[in-house]
Amino acid sequence: LAQEYVKSFHGLADTLTQIGILGIKVAIFSSGTPHHIVRNFGIALGDKVCDYAALYRDKTINDQAKLSLFSRRLEEVFHIPKLTVVTCDDVGERTKPDPLTAQIAMERLGVQPSESLVLGDHVYDIQAGINAGVSRRVGITHGFDDAAVLREAGATDVIDKLSKLIGLITRY
């Protein structure tokens, strides 16, 4: 997506802080490139947290190195015990809803589908979770698809704010 379509996610930093406190492993799996992950999180978190926006604008290092720095910073700042990022560079043409991105993410984290939860704002996110055998699939309506579309795609829960995710996680 073009940079102008990426928006700040209200509550993202707070949610990541809570995830760290709970000791939850995190995977980001995307059909995008390493550049997109670093750029989108840079915009979503803003310059107030970790200076991610400066990282994605840095022309002195390549996108894979930026992604590595991004991942380490995210783990350190939010005390996330383990984080992995799976991009199109990892899977080639096999992007969502193909289960490969989610399967690689779970393998890297050392978790089973029964121990996992997929959060997504697009039907392809939910379908990738289904295809990977993940039983808990949370749709979020801040992005591409609305609640009805996400439920129809197979979301087990739908939230309208990121801040509601922690309540769902602790309920499971």
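Residues numbered from 1 in each chain as written. Predicted model: local features only at pLDDT ≥ 70, side-chain atom pairs only at ≥ 80, totals over all residues. Heavy atoms only, no water.

## Some words on helix α6 (residues 100-109)
The condition that has to hold: Working definition: with a 1.4 Å probe on protein chains only, accessible area under 20% of the residue-type maximum means buried, over 50% means exposed, and in between means partly exposed. For helices the rule is a DSSP run of H or I covering at least 4 residues; for strands it is a run of E covering at least 2, with both sets numbered from the N terminus onward. Contacts were defined at the residue level, with two residues in contact if any of their heavy atoms lie within 4.5 Å.
Counting buried positions over the 10 residues of α6 gives seven, a clear majority of the element. Taken together, the buried positions of α6 are Leu-100, Thr-101, Ala-102, Ile-104, Ala-105, Met-106 and Leu-109. Residues of α6 that are buried in the fold lie against β1 (26-29), β2 (83-86), α5 (88-91) and α7 (123-131). Once α6 ends, the next one or two residues include Gly-110, with phi positive near 70°.

## A short note on the nonpolar core
Heads up, the condition is: Buried residues of nine kinds, namely Ala, Val, Leu, Ile, Met, Phe, Trp, Tyr and Cys, make up a nonpolar core once their side-chain atoms join them within 4.5 Å.
One finds Phe-70, Leu-74 and Ile-80 to be the most contacted residues of the largest nonpolar core, which totals 27 residues. Element by element, the count of residues in this core is highest for helix α2 (residues 34-45), at six residues. Counting residues in hydrophobic clusters, the runner-up holds 14 residues, among them Ala-102, Ile-104, Met-106 and Leu-109.

## Re the pairing of strand β3 (residues 117-120)
What counts, and what does not: Think of it this way: DSSP has to see at least two bridges between two strands before they count as a pair. With the strands pointing away from the viewer, any crossover whose connection runs clockwise from the first strand over the helix to the second is right-handed.
On β3, burial follows the alternation: Val-118 and Gly-120 on one face are buried, whereas Leu-117 and Leu-119 on the facing-out side are not. Sheet topology places β3 next to strand β4 (residues 136-140); four bridges connect them, and they run parallel. Along β4, the bridge assignment pairs Leu-119 with Val-138. One crossover worth recording links β3 to the parallel β4 by way of α7, and it is right-handed.

## Remarks on the environment of Ala-13
Turning to its location among the elements, Ala-13 is positioned in helix α1 (residues 12-22). Linking Ala-13 and Gly-167, residues 154 residues apart in sequence, is a C-alpha distance of 16 Å.

## A look at the side chain of Thr-101
Of note, Thr-101 is situated in helix α6. If near-sequence neighbours (up to four positions away) are discounted, Thr-101 is found in contact with Phe-29, Ser-30, Val-86, Val-91, Arg-94 and Lys-96.

## Some points on α7
Among all positions in α7, only Val-123, Asp-125, Ile-126, Ala-128 and Gly-129 are buried. Buried residues along α7 sit against β1, α6, β3, β4 and α8 (147-153). Phi turns positive one or two residues past the end of α7, at Gly-133, with a value near 85°.

## A look at the environment of Val-158
Mapped onto the secondary structure, Val-158 falls in strand β5 (residues 157-159). Under the relative-accessibility criterion, Val-158 is labelled buried at 18%. Remark: the alpha-carbon pair of Val-158 and Met-106, spanning 52 residues in sequence, is separated by 22 Å. When sequence neighbours within four positions are dropped, the list of residues in contact with Val-158 reads Gly-139, Thr-141, Ala-147, Leu-150 and Arg-151.

## A closer look at the sheet that holds β5
Filter applied, for reference: Fitted lines through C-alpha atoms serve as axes, helices being fitted only where they are in contact, and the angles separating the N-to-C directions of these axes extend from 0 to 180 degrees.
Pairing in this open sheet of three strands is parallel, and the strands run β3-β4-β5 from one edge to the other. The open sheet has two free edges, formed respectively by β3 and β5, since each of these has just one partner strand. Going across the sheet, the axis of each strand differs from the next one's by a mean of 20°, ignoring polarity. Examined bridge by bridge, β4 and β5 share three bridges and lie parallel to one another. What sits directly across from Gly-139, in β5, is Val-158. Of the strands in this sheet, β3 and β4 touch α7, which is tilted by about 180° from β4.

## Re the pattern of salt bridges
For clarity, the cut-off: Put simply, a salt bridge is a Lys or Arg side-chain nitrogen that is within 4 Å of an Asp or Glu carboxyl oxygen.
Counted under the stated rule, the structure contains six salt bridges. The shortest N-O distance in the salt bridge between Lys-164 and Asp-160 comes to 2.8 Å. By relative accessible area, Lys-164 is classed as partly exposed at 40%. Using a relative accessible area of 43% as the deciding quantity, one classes Asp-160 as partly exposed.

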